[in-house]
Number of protein chains: 2
Amino acid sequence: MDLEPIYAGEGQNVTPDDFRKHGRQVVDWIADYLENVEKYPVLSQVESGDIRRRLPASPPLHNEPFDKMLADVNEILLPGITHWQSPNFFAYYPSNNSGPSILGDLIASGLGIQGMLWSTSPACTELETLVLDWLVEAMGLPGSFRSTGAGGGVIQDSASSASLCALLAARERATGFQSNRTGIDRPLTAYASSQAHSSIEKAMMISGLGADNLRLIELDDQFRMRPDALQAAIESDLAAGKTPCFVCAAVGTTSTGAVDPLPEIGPICRKHGLWLHVDGAMAGTAAICPEFRTILQGLEWADSYCFNPHKWMLVNFDCDCFFVADRTSLIKTLSILPEYLKNKATESGAVIDYRDWQIPLGRRFRSLKLWFVLRYFGLDGLRSMVRYHVSLARQFASWVEASDDFEIAAPVVLNLVCFRHRGGDEVNQRIMDRLNQSGELYLTHTKLDGRLTLRMSIGQTNTELSHVQRAWDRIASAAHQGN
Amino acid sequence: MDLEPIYAGEGQNVTPDDFRKHGRQVVDWIADYLENVEKYPVLSQVESGDIRRRLPASPPLHNEPFDKMLADVNEILLPGITHWQSPNFFAYYPSNNSGPSILGDLIASGLGIQGMLWSTSPACTELETLVLDWLVEAMGLPGSFRSTGAGGGVIQDSASSASLCALLAARERATGFQSNRTGIDRPLTAYASSQAHSSIEKAMMISGLGADNLRLIELDDQFRMRPDALQAAIESDLAAGKTPCFVCAAVGTTSTGAVDPLPEIGPICRKHGLWLHVDGAMAGTAAICPEFRTILQGLEWADSYCFNPHKWMLVNFDCDCFFVADRTSLIKTLSILPEYLKNKATESGAVIDYRDWQIPLGRRFRSLKLWFVLRYFGLDGLRSMVRYHVSLARQFASWVEASDDFEIAAPVVLNLVCFRHRGGDEVNQRIMDRLNQSGELYLTHTKLDGRLTLRMSIGQTNTELSHVQRAWDRIASAAHQGN
């Protein structure tokens, strides 16, 4: 029997000094990377298989030096990175990041704890609950979401998972918490606008309700859900013997940033007993500024709400904040208690066990990075960031409006500008491809009323007026180039 | 309109030099923490609300200095931490960690990229696919799991999510991929042993199949699933007009580490067309050693398999490796493609988009830490770790066997020892409570044949013979103390 400690092999022992040394190398590497990120093409220009081809086909039998690994990150991986932290990244949505977030996350990695139960690290649970209560105050969210009442908040990995949890709670509430036990035994229906995020359709698939039972509600001329159409769809399903259970409204749709009219949608949901989930994934962050809180008007009707600090609030992925007004429904939906997880704190009923608020069992100490960001910048700092990005988007929109070649394609609510060249889809596709292949900036698209539309999404940590100005110059000149 | 850059406020600017400075502080903090972790009580001794009470009720309006935040981690949070990285942590399962993993994860935080599509960072996708292929080779997994054939691997957050994805694919395959569209329209059943992880029951709830439709199959005298009972349960459901679709077998159950007999379960699944998922969450790591690969005998029958490097392979949470033999079924189950995610690489069909292999859309660059661990330790290093932990468990078991007061409660397969005092449940509960309140070590329990049983789970990074020896001394002496 071999009773020697592990890592006895030469070069394999991670001593505290090794960790200090390599840790400093990595900290410096990140500082250098973020300082130089503008030098790389924003959208990776490699072809399929290029990265894999440069790496060994088999795993190493013996240990390799740390320096070699870091060199390979630079030489082999970096060409295959699309630089989401570049100030010239205007694609999809921002995924902005910051030093305090990275370091809060690093402490979480170092502590290496599991937050599945209160007892497996009380600080992990209590800090998370507190920080989400802080956000209720900081963003003017309805008091029903506070943990000190019947509600509460939890950090999920993504808005997709939050929407899924909300849909599951809706399904269970509508079936008297019986679907969980006996399976789905009736036709349940759900509702979202035709601009809702694809994760709602995916949640319908996962939950066993079926994507065909999601009604995509028509839009008004500003790409917002039409409450009268929602009302009609619910009534039509009721008449057909279906059981409507869930509505997802968007505060900032992915395509255009449109805000569904919660003050009108809310009463419809209440009247018919439907669970109202509000998805504010990107735009929700804006509510940190009092002047932008109109986007959340009517949120007091919601049973649940989520937004992603990992999009526009300087917290690195993953960090979605999910709030419920009635935590009991969520917990009844997601709770199971095997013998090996039983403990006195849980049995006392006095603590939160977050494993009952999410899909997986295990969970990381994610509130640390959010806490660090809120403290390092303060609400003041985060507000000035949001205001600056919104002002940049308005500036960009004003250039589009003043141009003869381009037009604004949807109302500019916050930091997202939908626009297009007047020359039609082919021209817009050509402009986008040309810009993205240049490596100088990265833009993505959507379709509005069947027409290809470019999206300028502004919110990276280091994006300044000069980047937006240069992007507009490039866009305008790309339009003037021939085929 | 305010067009000043953000972070103009004094003290709010995260310069590269600030990041270098604070980054070093955090690296040193982690090195110190891991060096001193034995000084803290393993199980946090705080009461409910103790941590929250010491933190401000409201978020800060203005920015705070980084040093203050780090001081609060020490003074306020640490007492509320249960120290999973302590070498005296023997509870639940290991969650072992290592320097290269922490630093690989740190690089992922710094890069701050999204891996949802190949095109959003090709290196993120290609490294992940490669490293999971490496593991097929390193652990002697069936070739069907290689991405170079019809299969492939993906990193999930947890075994819970992997099992859920497997169950969903099973549901879809059994219904001709129609449940996804039209909802569940027939009674589907699934099977696992009565010792299966609670996440299987939770997956039944989430997927809309219903927990009552999970058949908990009886055990043999070594807590393994009985294939004859599985066969009988399937036949009984078929006779009753149900549609059996899924079997989850465990390679290392949570309670005892029992290994379900795959060579007999496999043919039963194949005969009836059931999806076989194998959950090797903790024990799976042992397959890195050729001499322990008998636990995976029969894995070639499996449609999917998962194990967690974040449990026993020195990778910090989250990192579950999930393999499928037929990736098409998984992708057909979880894929949706909205306009705003369309891109040429996806349309070419030549690339993997991992968002179609998981529940959420967004994803972190998790393969970096796994790649770092495999390279820094090499297969040799990981093998010596596994062998050492297994030898420690065998040593501990030999002390239990030689004792008059205690008995072994289940076969010791690898690094988990189930044992109990002969004096009955009350005595065992008292021993466990006394040890856990002492702060000197942390043990948890299960129930076997209705009797409270202690679990000694060995696998922390720095656990050595001396820790196990001292744990046994404490256990033995706790048994001799009165009430």
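Undergrad: Sorry, what's going on with the interface of chain B and chain A here?
TA: Frequently, the measure chosen for interface size is the accessible area removed from exposure when the parts meet. In this assembly, 176 residues from chain B lie in contact with 175 residues from chain A. Between chain B and chain A, the buried area comes to about 15,400 Å², and carbon and sulfur atoms account for 62% of it. Considering only the surface of chain B that becomes buried against chain A, Y340(B), R375(B) and Y376(B) emerge as the three largest contributors, covering 6% of it. At the junction of chain B and chain A, the tally comes to 22 salt bridges. Among the ionic pairs, E35(A) bridges to R20(B), the shortest N-O distance being 3.2 Å. At the boundary of chain B with chain A, the tally comes to 84 residue pairs in polar contact (both at pLDDT 80 or more). By residue number, the principal contributor to the side of chain B that touches chain A is helix α14 (residues 367-402) of chain B, which donates 19 residues. Within the side of chain B that touches chain A, the residues separate by chemical class into 82 nonpolar, 57 polar and 37 charged.

Undergrad: What exactly am I supposed to notice about the sheet that holds strand β10 (residues 444-448) of chain B here?
TA: The pairing of strands in a sheet happens through backbone hydrogen bonds and is either parallel or antiparallel. Residue and element names in this part refer to chain B. With respect to topology, 4 strands assemble into an open sheet ordered β8-β9-β11-β10, the strand pairing being antiparallel. On the outer flanks of this sheet lie β8 (406-408) and β10, each paired with one strand and no other. Within this sheet the neighbouring strands show an average axis-to-axis angle of 40°, counted without direction. Where strand β9 (residues 416-421) meets strand β11 (residues 451-457), 4 bridges bridge the pair, whose relative direction is antiparallel. Bridge pairing in β11 places V417 opposite M456. Sitting on the sheet, α14 is in contact with β8, β9 and β11, with an inclination near 20° to β9.

Undergrad: Just to check I follow, could you spell out the sheet that holds strand β4 (residues 243-250) of chain B for this structure?
TA: Residues and elements named next belong to chain B. With mixed pairing, 7 strands are arranged side by side in an open sheet as β1-β7-β6-β5-β4-β2-β3. Strands with a single pairing partner mark the edges of an open sheet, and in this sheet they are β1 (152-156) and β3 (214-217). Neighbour-to-neighbour, the strand axes of the sheet open up by a mean angle of 20°, direction not taken into account. Across 5 bridges, the pairing between β4 and strand β5 (residues 275-279) is parallel. The partner of F246 across the bridge, within β5, is W275.

Undergrad: Would you explain the relation of the copies chain B and chain A in this entry?
TA: One copy of the chain maps onto the other through a rotation about an axis followed by a shift along the same axis. Note on the copies: chain B fits chain A at an RMSD of 0.0 Å, the axial shift is 0.0 Å, and the rotation between them is 180°. Within this description, the copies of the chain are treated as partners about a two-fold rotation axis.

Undergrad: How should I be thinking about the environment of Q395(A) in this particular structure?
TA: All names here are of chain A. In this fold, Q395 is placed in helix α14 (residues 367-402). Judged by its relative accessible area of 16%, Q395 falls in the buried class. Sequence-wise, Q395 and G99 are 296 residues apart; in three dimensions their C-alpha atoms are separated by 28 Å.

Undergrad: Help me out: how do you make sense of the nonpolar core in this one?
TA: Across soluble globular proteins, nonpolar side chains have a tendency to be buried as a group. Formed by 222 residues in total, the largest nonpolar core has its most connected members in L370(A) and L370(B). Apart from residues no more than four positions distant in its own chain, L370(B) is found in contact with V131(B), L132(B), L135(B), I155(B), P309(B), M313(B), V315(B), C319(B) and C321(B). V154(B), A170(B), F246(B) and W275(B) belong to the second largest nonpolar core, which has 69 residues in total.

Undergrad: Help me out: how do you make sense of the packing of aromatic side chains in this one?
TA: By convention here, two paired aromatic rings are described through the distance between centres and the angle between planes. Residues and elements named next belong to chain A. If you walk through the whole model with that rule in mind, you get 42 aromatic pairs over all chains. Summarising the aromatic geometry, the rings of F145 and Y305 are spaced 6.4 Å apart at their centres and angled 10° between planes, so their arrangement reads as stacked. A residue pair is termed long-range when its members are at least 10 positions apart, and F145 in the loop between α5 (122-138) and β1 (152-156) and Y305 in strand β6 (residues 304-307) qualify at 160 residues. Each member of the pair, F145 as well as Y305, carries the same accessibility label: buried. It is K332 that lies over the ring of F177; its NZ or CZ is 4.2 Å from the centre.

Undergrad: Even after reading the chapter, I still don't get the domain arrangement of chain A, so can you show me in this structure?
TA: Residue and element names in this part refer to chain A. Assigned domains of chain A: these are domain 1 (113-364) and domain 2 (373-480). One C-alpha centre belongs to domain 1, the other to domain 2, and the line joining them spans 29 Å. With 28 residues of domain 1 at the interface, the matching set in domain 2 holds 30 residues. Interface area for domain 1 against domain 2, summed over the two sides, is near 2,300 Å², with a carbon-plus-sulfur share of 74%. A per-residue breakdown of the area domain 1 buries against domain 2 is headed by F223, W312 and L314, which together make up 30% of the total. Put simply, domain 1 and domain 2 have 1 salt bridge between them. Across the pair R387 and E291 runs a salt bridge whose closest N-O atoms are separated by 2.5 Å. Across the contact surface, domain 1 and domain 2 share 6 residue pairs in polar contact (both at pLDDT 80 or more). Looking at the side of domain 1 that touches domain 2 element by element, the count peaks at 4 residues for α5. Here the residues of the side of domain 1 that touches domain 2 sort into 18 nonpolar, 8 polar and 2 charged.

Undergrad: Sorry if this is basic, but what is going on with the environment of L441(A) here?
TA: Residue and element names in this part refer to chain A. Secondary-structure assignment places L441 in the loop between α15 (425-438) and β10 (444-448). As a C-alpha pair, L441 and T256 span 185 residues in sequence and 20 Å in three-dimensional space. With residues up to four places along the chain from it excluded, the contact list for L441 reads V42, N88, F90, L435, N436, A471 and R474.

Undergrad: Would you take a moment to explain unusual backbone geometry for this structure?
TA: Excluding glycine, residues mostly have negative phi values, and the peptide bonds linking residues are mostly trans. The linkage connecting F317(A) with the following residue, D318(A), adopts the cis geometry, with an omega of 5°. Position of D318(A) relative to the elements: it lies in the loop between α11 (309-312) and β7 (320-324). We note that L314(A) has phi near 65°; this positive angle belongs to a residue other than glycine. Here L314(A) lies in the loop between α11 and β7. Judged by relative accessible area, which is 0%, L314(A) ranks as buried. Positive phi, close to 65°, is recorded for F223(B), a residue that is not glycine.

Undergrad: Would you mind showing me how to read the side chain of N316(A) here?
TA: For N316(A), the location among the structural elements is in the loop between α11 and β7. A relative accessible area of 4% means that N316(A) is categorised as buried. Engagement of the side chain of N316(A) in a polar contact is seen with the side chain of D105(A), the distance being 3.0 Å. Aside from chain neighbours lying at most four places away, what touches N316(A) is N96(A), N97(A), S101(A), I102(A), D105(A), H310(A), K369(A), S109(B) and R364(B).

Conventions and cut-offs
Residues numbered from 1 in each chain as written. Chains lettered and ligands numbered in written order. Predicted model: local features only at pLDDT ≥ 70, side-chain atom pairs only at ≥ 80, totals over all residues. Heavy atoms only, no water. Contact = heavy atoms within 4.5 Å. Buried area = accessible area lost by both parts, 1.4 Å probe. Salt bridge = Lys/Arg side-chain N within 4 Å of Asp/Glu carboxyl O. Polar contact = N/O pair within 3.5 Å; in protein donor to acceptor, adjacent residues only side chain to side chain. Helix = DSSP H or I, 4+ residues; strand = E, 2+ residues; numbered from the N terminus. Nonpolar A, V, L, I, M, F, W, Y, C, P; charged D, E, K, R; others polar. Pairing = 2+ DSSP bridges. Axes fitted to C-alpha atoms, helices over the stretch in contact; angles between N-to-C directions. Least-squares fit on C-alpha atoms with pLDDT ≥ 70 in both. Buried < 20%, exposed > 50% of the residue type's maximum accessible area, 1.4 Å probe, protein only. Core = buried A, V, L, I, M, F, W, Y, C linked by side-chain atoms within 4.5 Å. Phe/Tyr/Trp six-rings, centres within 6.5 Å; stacked < 30°, edge-to-face > 60°. Lys NZ or Arg CZ within 6 Å of the ring centre and 35° of its normal. Domains from an automatic or database assignment.

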